[in-house]
Amino acid sequence: MDGKLVIFSAPSGAGKTTIVKKMLELFPTLKFSISACSRSVRSGESDGVDYFFLSPDTFRAKIKQNEFVEWEEVYPGSYYGTLKSEVERIWDAGHHVVFDVDVKGGLKLKSIFGEKALAIFVMPPSIEELEKRLALRSTESDETLKMRIAKAEDEISHAPQFDQIVINDELHHAVDKAKGLVETFLQKG
Ligand SMILES: Nc1nc2c(ncn2[C@@H]2O[C@H](COP(=O)(O)OP(=O)(O)O)[C@@H](O)[C@H]2O)c(=O)[nH]1
Ligand SMILES: Nc1ncnc2c1ncn2[C@@H]1O[C@H](COP(=O)(O)OP(=O)(O)O)[C@@H](O)[C@H]1O
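Since the structure is predicted, the reported quantities are computational estimates derived from the model, not experimental observations.

Reading the values: the criteria
- Residues numbered from 1 in each chain as written.
- Chains lettered and ligands numbered in written order.
- Predicted model: local features only at pLDDT ≥ 70, side-chain atom pairs only at ≥ 80, totals over all residues.
- Heavy atoms only, no water.
- UniProt positions renumbered as here; feature names shortened; annotations may be inferred.
- Helix = DSSP H or I, 4+ residues; strand = E, 2+ residues; numbered from the N terminus.
- Buried < 20%, exposed > 50% of the residue type's maximum accessible area, 1.4 Å probe, protein only.
- Pairing = 2+ DSSP bridges.
- Axes fitted to C-alpha atoms, helices over the stretch in contact; angles between N-to-C directions.
- Contact = heavy atoms within 4.5 Å.
- Salt bridge = Lys/Arg side-chain N within 4 Å of Asp/Glu carboxyl O.

Undergrad: I would appreciate a short explanation of the UniProt feature "domain: Guanylate kinase-like" (unreviewed entry) in the protein chain in the present structure.
TA: UniProt annotation of "domain: Guanylate kinase-like" (unreviewed entry) refers to residues 3–183 when read in the numbering used here. Helix makes up 44% of residues 3–183 and strand 25%, and the two end C-alpha atoms of the span are 14 Å apart.

Undergrad: Would you mind going over helix 4 (residues 103–113) with me for this structure?
TA: The complete set of buried residues in helix 4 reads Val103, Gly105, Gly106, Leu107, Leu109, Lys110 and Phe113. Following helix 4 by one or two positions, Gly114 adopts a phi angle in the positive range, close to 55°.

Undergrad: Which parts of the structure should I look at to understand the sheet that holds strand 9 (residues 164–167)?
TA: In a beta sheet, neighbouring strands are held together by backbone hydrogen bonds and run either parallel or antiparallel to one another. Ordered by their spatial adjacency, five strands build an open sheet running 2-7-1-8-9, and the pairing between neighbours is parallel. The open sheet is flanked by strand 2 (30–32) and strand 9, the only strands paired with a single partner. Direction aside, neighbouring strands of the sheet carry axes that sit 25° apart on average. Its contacts with the sheet place helix 4 against strand 1 (5–9), strand 7 (96–101) and strand 8 (117–123), and it is angled at close to 155° to strand 1. Contacts between helix 7 (residues 171–187) and the sheet are confined to strand 1, strand 2, strand 7, strand 8 and strand 9, with strand 9 contributing the most and set at about 155° to the helix.

Undergrad: Could you clarify how one ought to interpret the pattern of salt bridges in this entry?
TA: When the charged atoms of two side chains with opposite charge come close together, those side chains can pair. Counted by the stated rule, this structure contains twelve salt bridges. The partner of Asp102 in a salt bridge is Lys151, with the nearest N and O atoms 3.9 Å apart. Taken together, the residues span a long stretch of sequence, with Asp102 in the loop between strand 7 and helix 4 and Lys151 in helix 6 (residues 142–156) at a distance of 49 residues. Among the residues examined, Lys151 registers a relative accessible area of 23% and is labelled partly exposed. Of the charged contacts in the structure, one is a salt bridge between Asp163 and Lys110, with a shortest N-O distance of 3.0 Å.

Right under this line is the structure:
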């Protein structure tokens, strides 16, 4: 069957991964689109669960073979992309797909799939709070943290192009808002 797509995009650290995990618990018909990426594995992550971790060379070969719905060099040298096979696998199993992708990727998916897709922008309460969350998550070096923050301001300027904006100040409010939006979208004919 042809399922629907629910896209969550946000600057790094805004909380999209946290919200997506909640949506997966709340909606058994939603399945996570595991992206391919060329960054290194973080502690607690595993290959084929959080991402398909590929070398930059393997990633570039898959681009050439036209295996991606969309891909981006999100940070210099770090490729991320949605594999066609992943979306097909989820739809063939009768589920809807949920994505955690960067802002450009989210808009690209929306432009490809139109009304079949709900694109949600997760807005951080402020840049200062974003920086605090990224620092607390302890996944970034000073350099990569600065790079992510520098990118955030530009990404936030694209928020009005999304179908919906969810402000992630208090997590439970953001989850309630996202839950309502997803419920309405999945019920629609
Ligand atoms: N375009 C695109 N972006 C992706 C994809 N998968 C993940 N991303 C984005 O790449 C960015 C970096 O991801 P990651 O290194 O996991 O960092 P995090 O956002 O700080 O958790 C995030 O904005 C992800 O949403 C994908 O398949 N396509
Ligand atoms: N509403 C919130 N208030 C405080 N911390 C949050 C909130 N939402 C998420 N976090 C924390 O902020 C960090 C970044 O969230 P994460 O979901 O990894 O963001 P993203 O996927 O957008 O990069 C994580 O450590 C997460 O636990």
